[in-house]
Structures are given as C-alpha cells and as structure tokens.
Amino acid sequence: MASLAAASPAAHAPEGTRALRQQHMLSLGARCALPVAALLGVGFLAPLVAILAYAFATPRSFDVFTSFTLENFAGLFDPANTVWVSFVWSCGFALLTVAILAVIAYPIAYGLNAVFGRWSGLISVFFVFPLFVSENVRLYGWVLFLIKNGVLDGSLKWLGFSGGPEVLYTPGITLFGMVYTYLPFMLFPMTLGLALVPRDLVDAARDLGAGRLFIWREIELPLAMPGIMIGMLLTFVLAIGATAEAKILGGQSIIVISHDIEIAFTYSQNWPLGSAMSVVVTLFIGALTLFALSKLDLDRMLGRR
Amino acid sequence: MKHTRTNALIWIWTLLVIVVIYLPILCGALASFNKSRYFGFPIKIYATEWWQKTLDSIEIGMIVKTSILVALLVTVFSVVIATCGALAFARYDWKGRRLFQKLIILPIFFPQPVLGLALLLGFNAVGIQTSWMTAVFAHMVWIVPVVTLVIAIQVYGFDPALEEAAFDLGCSRIQVLREVTLPLLWPGIWSGMLFAFLLSWSNFPLSLYTTGADSTIPEWLYAKMVAGYTPMVPALGTMATLAAAVLLLVGGLAGMLLRRRAAA
C-alpha cells in the first residue's frame, strides 16, 4: 500500500494516510490496554506468584522465597487428609448448581429475548439488582425466613400447621444458597447467547414444518451454545470458590474447599498449606477457563457482529 | 394458541423466580422493624427504634464512611482504566487483542475469597500494611474487568467511521477523543460507573482479607451475623440495600436521559 501511494501520490494520498493511521491504531490499542494490563499484572499475577512461592515454603512458617519443599503438596495428596473430601463436595455442588441453574435460567433467558418485549429491560434490572446487595445480607434473609420461629415456621404455625421443615444448616440448603446466589451469572450470558439465534432462522424452520423440539435441538441450542457455555463455566467456577453459602446457610454442616483454605490461613496459621491448596484450585479453574475461552469468539458474543 | 400458553408459563415462571429472589431481602426488612431483640414471626410489636439506633451509632457511621470512600475511589479509578481497556478490547485492531480479551476475563472467573487471600499474601510479601486503601486496590482487580466488559458493549455499538470522519476533517487525536469518542461512549461509561460503585459497595470476600483494621458495611454485617445478632444487622442491611436501589434508580434514569441525548 505504501509503495503504491508513493508511485502516484496525488491519487492515493487518502489511502496512504489511512494505512498510516491504521498502523498508528495498532500501537494505540496496545497503549490503551496498558493501564489494565499493569493493574492485572500487579493485582492479579503478582499475588498468584506470591501464593505459588508460599506453597513451596516450609509448612507452618513464613519463610517465603527462602525455603523450598514439596511437603505441603505431599500433605494434600495424603489419603488421610480430609481436604479431598472438601474438594469433592465443592465440585459436586458446583456441578449440581450448574445443572439446576441451566434449567431455571433457560426459560427466563428465552423470555428476555422473545417474550417480554418492552418489559425485558425492567425484568433484567430486577435480576441485576441482587448483585448490588451483599451476598451476606441476602443469605441471612434466608436464615430469617427458614429459622425456627422465622417467617416460614411462624406463618405455618399461625395457620395451624405444626411448623416449617427443618432445612437450615443442612447440605441441601447450602446447594439452594449457591443456586440462589449465582442465578444472574448463568442468566445473563445465556441471554446474550440466545440473542445470537436469528429469529428468521427459527421462523423459516417452522414454516418448513420443523417441530418445536427439533428447532430447539437443531437450531436454538447449538447457536446459543457460546453464551450457555460461558454461563455454565462462570457459575461452575464461582460455585467452586463459594464459602458464604456453606457458612451462613449450611452452618458448616459441610466444609467446602475455599473454607478449608481460609481455615489454613486463619485459625491454623499455616499459610504454606493454604497456598498449596489455592494453587491446586487455581490450576484447576485456570485450565478449565482457558480451555473454554479458547473456543469462544468474544467479539461476536458482545458485539453481535 | 399453544404459543400463548407457553409464553404465559414463561411469564409465570419468571415472576415466581423474581419473588423468590426478593423474598430474603423482604425478610430482612421485616426483621429490622421488630421491637424485640430476638426475631420471631409473626412480629408482635413493630418499631423503628433499631433503625434509629443504627443511624445514631458512631461505629456504624464510620463504617458507612469507609464503604462510601472505598466505593467512590474504586469508581473513579476503575472507570478511567476500564474506558481505555474497553477501547483496546473492542475498538482498535491490534496484535495482542485476542489474548488481551481473554486475559482480562480471567479475574472475573476467579473465586473471590481465594483472590482476596492471594492479595493479602502479596501485600504481606512486599510489606504493605492492609487498610481501606489496599481494599480499593483489591476491589479494582475484580471490578475493572467487569466495567471493561460493560463499556466494551457500548464501544461495539459505535461506528468507527465517525472518528475517521473527524480525523479527515483535520481534528487532532485529543480533539477526536473529547468531541467524538467520549460523548458517544458516555452512556456506557455511565453504566460502568454505576456497576463499579455498586459492586464495590456490596463486596464482601475481597474486603474481608484486604481491609486490615478498617471495616466495610458487608464485613460488619458478617461479623455480627456470626456472633452478636441485634436487629441492627437487618436494619443496616436494609439501609444498604435501599441506598443501592435509590442509586440504581436515579443513575438508571440519568443514564436513559444520556442515551436519549446521545441518540438525538
């Protein structure tokens, strides 16, 4: 392009400047990315390095960068250790949360795209708003609802029943809390995904005599998959790291993995062990996320280009 | 005919889920108006004394101030950084863009309690004393990526030809930024600001590990939930919720006006 512009400068001058500007844009983009990159480098990567360093330090010490041992990891992989129980609980609950939320959120996501029309905006706001209320407050509201003599129990007694079910401080209610907390994280990516399905395509299939189930399985689901995948991944990853649900609603009837990590850092003052656990969790989540993200085209999802 | 029935079912389901979402928030509000110290339902005597006590408490006043300060600083810093980031994310074609798009999302996909602990470790390793200032930084690590995505959606929506035209008419880069790019992005930046403030306002897991001796509203609430319940807990929780709702309402209306002006 540049040589062409040089050959006949009068005719191609605008082309030339455009090419120049495009080159300029290249560096401009990188420069715009710099502040974010710097923040995440210092605030995200560096702490991960610190955790990694601590994971190889002598157990129950603060000798970071001065000692090297694999003892912490050996401890984790010891069958006598209960950490794996926590990890399995967390993974199992995360999987169940994803499955339940997919079923709960799909009709709503579909509705936001195709049914609610001008009400969509308002309904979205109703689903976004809970994100701005601390999860403690919302989960504690459930405690007030379910506790003995609470709203449910009290109302049932007042109506003449023998009282509400005793579900508080059980593993089941922990799962419920996770489903409750992470609904928006499933709903919004799913809604974005379903927005990628062209209406005309569905109409055309229907006109050609395709059944509902067929349209859903062959058109809607595959085309909305990127969004659904992001939603599932996001809820899974967040649910693995969830602690508040198990502590507030579950009353520590089960110990989840991030609670174990917390215990190592606080009560038992064993930072190297806590770090080793964090490293394992981080590797698991990181590998999963990077694998899924590598399959997605974010420009298409967010920009609908 | 069958179609309308499905739509009705979708409506009913959605409204039902919304009711369930707001049920615990309502329970909290209810508990805050209970006169007696311990919660029991049906409430025998309603009173506003716990609201009054919460408003009068000096300790809570300080905590609210810390929360507001942290959220304001997070908002200002995040929006500046995220606006640049959103332009890099969605506007410019540059070599590292695909990678950048993916890396920026990673912190959102990271469990916040673990991120908070990692930051605490990091601060500790370099010898920084944790306080509300470190919490501002910690919040930003998580909020900047979210706000970048929010603004990026607006960036995707604008036509690069408008910038090109301004350049062709002889504007300098600063002029283009001030006269074309920023006015067009305002609605997105505004939403980003709302998100930044409200997400910082309600954040618990990051604050827990990074505020040191200082405390934010969600932290104080958690401490009292675990030990030492008083009806001030639901009262302050409800106040924080109401404050967020008012801000979202006012901010949302202002945003709609902005959008209309940008469209005009």
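Residues numbered from 1 in each chain as written. Chains lettered and ligands numbered in written order. Predicted model: local features only at pLDDT ≥ 70, side-chain atom pairs only at ≥ 80, totals over all residues.

How should I be thinking about the overall build of chain B in this particular structure?
Counting its secondary structure elements, chain B contains 11 helices and 0 strands. Written out in order from the N terminus, the α and β elements of chain B read α-α-α-α-α-α-α-α-α-α-α. In terms of overall dimensions, chain B has a C-alpha envelope of 70 × 70 × 30 Å along the principal axes. For chain B, the proportion of its 264 residues judged to be buried stands at 48%. Taking the intrachain contacts of chain B between residues at least 6 apart in sequence as the baseline, contacts between residues at least 24 apart amount to 76%. (Helix = DSSP H or I, 4+ residues; strand = E, 2+ residues; numbered from the N terminus. Buried ≥ 20, exposed ≤ 12 C-beta atoms within 10 Å, placed from the backbone. Contact = placed C-beta atoms within 7 Å.)

Can you walk me through the overall build of chain A in this structure?
Within chain A, the regular secondary structure consists of 14 helices and 0 strands. Mapped in sequence order, the helices and strands of chain A form the string α-α-α-α-α-α-α-α-α-α-α-α-α-α. For 305 residues, the compact-globule formula gives about 19 Å, and the C-alpha radius of gyration of chain A, at 26 Å, lies well above that figure. Based on the C-alpha atoms only, the size of chain A along its principal axes is roughly 90 × 65 × 35 Å. (Rg over C-alpha atoms; globule rule 2.2 N^0.38 Å.)

How do you make sense of the nonpolar core when you look at a structure like this?
For soluble globular proteins, the rule of thumb is that nonpolar side chains tend to be buried together. Core analysis: the largest hydrophobic core is formed by 162 residues, its most contacted members being A:Val143, B:Val141 and B:Val147. For this core, the element with the highest residue contribution is helix 6 (residues 132-157) of chain B, accounting for 17 residues. Every residue in contact with B:Val147, bar those within four places of it in the chain, is listed here: B:Ser78, B:Val79, B:Ala82, B:Gly192, B:Phe195 and B:Ala196. (Core = buried A, V, L, I, M, F, W, Y, C linked by C-beta atoms within 7 Å.)

How should the interface of chain B and chain A be read in this particular structure?
The figure often quoted for interface size is the accessible area lost as the parts come together. Listed per partner, the contact involves 74 residues of chain B and 70 residues of chain A. Those elements that provide at least two residues to the side of chain B that touches chain A are helix 1 (2-32), helix 3 (58-91), helix 4 (97-105), helix 5 (112-126), helix 6, helix 8 (173-202), helix 10 (217-226) and helix 11 (232-263) of chain B. Broken down by element, the residue count for the side of chain B that touches chain A peaks at 15 residues, all from helix 1 of chain B. Looking at the side of chain B that touches chain A residue by residue, the classes come out as 57 nonpolar, 13 polar and 4 charged. (Nonpolar A, V, L, I, M, F, W, Y, C, P; charged D, E, K, R; others polar.)

How should I be thinking about helix 6 (residues 135-146) of chain A in this particular structure?
The periodicity of an α-helix, 3.6 residues per turn, causes residues three or four positions apart to be oriented the same way. Residues and elements named next belong to chain A. Along its 12 residues, helix 6 runs 17 Å from first to last C-alpha, staying within 8% of the 16 Å computed at 1.5 Å per residue. Among the 12 residues of helix 6, 12 are classified as buried, and the element is accordingly described as predominantly covered. Turning to helix 6, its buried residues number three or more, namely Glu 135, Asn 136, Val 137, Arg 138, Leu 139, Tyr 140, Gly 141, Trp 142, Val 143, Leu 144, Phe 145 and Leu 146. (Expected span 1.5 Å × (residues − 1).)

I would appreciate a short explanation of unusual backbone geometry in the present structure.
The phi torsion of most residues other than glycine is negative, and most of the peptide bonds are trans. In this structure, B:Pro42 follows B:Phe41 across a cis peptide bond, with omega equal to -5°. A positive phi angle, close to 65°, is found at A:Asn149, a residue other than glycine. Counting through the fold element by element, A:Asn149 comes out in the loop between helix 6 and helix 7 (151-158). The class of A:Asn149 is partly exposed, set by 15 C-beta atoms lying within 10 Å. Here the phi dihedral of A:Gln269 falls at roughly 45°; this positive angle occurs in a residue that is not glycine. With respect to the secondary-structure elements, A:Gln269 resides in the loop between helix 12 (257-265) and helix 13 (271-293). Among the residues examined, A:Gln269 registers 12 C-beta atoms within 10 Å and is labelled exposed.

Looking at this structure, how should I read the domain arrangement of chain A?
Residue and element names in this part refer to chain A. According to the domain assignment, chain A contains domain 1 (1-55) and domain 2 (73-303). On a C-alpha basis, the centroid separation for the pair domain 1 and domain 2 is 37 Å. Across the contact, 5 residues belong to domain 1 and 7 residues belong to domain 2. Its residues placed into classes, the side of domain 1 that touches domain 2 shows 5 nonpolar, no polar and no charged. (Domains from an automatic or database assignment.)

Looking at this model, I keep getting lost on the UniProt feature "domain: ABC transmembrane type-1" (unreviewed entry) in chain B. Mind explaining?
The residues that UniProt annotates with the feature "domain: ABC transmembrane type-1" (unreviewed entry) are residues 64-251 of chain B. End C-alpha atoms of residues 64-251 of chain B are separated by 20 Å, and the span's content is 81% helix alongside 0% strand. (UniProt positions renumbered as here; feature names shortened; annotations may be inferred.)

Quick question: what am I supposed to make of the UniProt feature "transmembrane region" (unreviewed entry) in chain B here?
Following the UniProt record, the feature "transmembrane region" (unreviewed entry) maps to residues 12-33, 68-92, 104-126, 132-159, 180-201 and 235-258 of chain B here. Along residues 12-33 of chain B the backbone is 95% helical and 0% strand, and the end-to-end C-alpha distance reaches 31 Å.

Is there a simple way to explain the environment of B:Gly127 in this structure?
Counting through the fold element by element, B:Gly127 comes out in the loop between helix 5 and helix 6. Separated by 53 residues in the primary sequence, B:Gly127 and B:Val180 have C-alpha atoms spaced 44 Å apart.

Please explain the packing of helix 3 of chain B against helix 8 of chain B as it appears in this structure.
Packed helices, taken two at a time, are described by their axes: the angle between them and the distance between them. All names here are of chain B. Look at helix 3 against helix 8: their axes get within 8 Å of each other, and the N-to-C directions meet at 145°. By crossing handedness, the relation of helix 3 to helix 8 is classed as right-handed. Across the interface between the two elements, Ser 67, Val 70, Ala 71, Val 74, Thr 75, Ser 78, Val 79, Ala 82 and Thr 83 of helix 3 pack against Leu 185, Ile 189, Gly 192, Met 193, Ala 196, Phe 197, Ser 200 and Trp 201 of helix 8. Split by residue class, the contact of helix 3 with helix 8 holds 11 nonpolar, 6 polar and no charged. (Axes fitted to C-alpha atoms, helices over the stretch in contact; angles between N-to-C directions. Left-handed = near helix turned anticlockwise from the far one by under 90°.)

Got a minute to help me understand the packing of helix 12 of chain A against helix 13 of chain A in this structure?
All names here are of chain A. Axis separation between helix 12 and helix 13 bottoms out at 7 Å; the angle between their running directions is 155°. One way to sum up the angle between helix 12 and helix 13 is to call them roughly antiparallel. As helix 12 packs across helix 13, the resulting crossing turns out to be left-handed. On helix 13, the residues touching Ile 257, Asp 260, Ile 261, Ala 264 and Phe 265 of helix 12 are Trp 271, Leu 273, Gly 274, Met 277, Ser 278 and Val 281. (Parallel < 35°, antiparallel > 145°, perpendicular 65-115°, else oblique.)

How should I be thinking about the environment of B:Val147 in this particular structure?
Its location among the elements puts B:Val147 in helix 6. Note on B:Val147: 28 C-beta atoms within 10 Å, which makes it buried.

Whenever I open this one, the environment of B:Pro187 confuses me. Can you help?
Residue and element names in this part refer to chain B. Within the element layout of this structure, Pro 187 appears in helix 8. Accessibility expressed as a C-beta count within 10 Å gives 22 for Pro 187, which makes it buried. Sequence-wise, Pro 187 and Leu 258 are 71 residues apart; in three dimensions their C-alpha atoms are separated by 5.9 Å.

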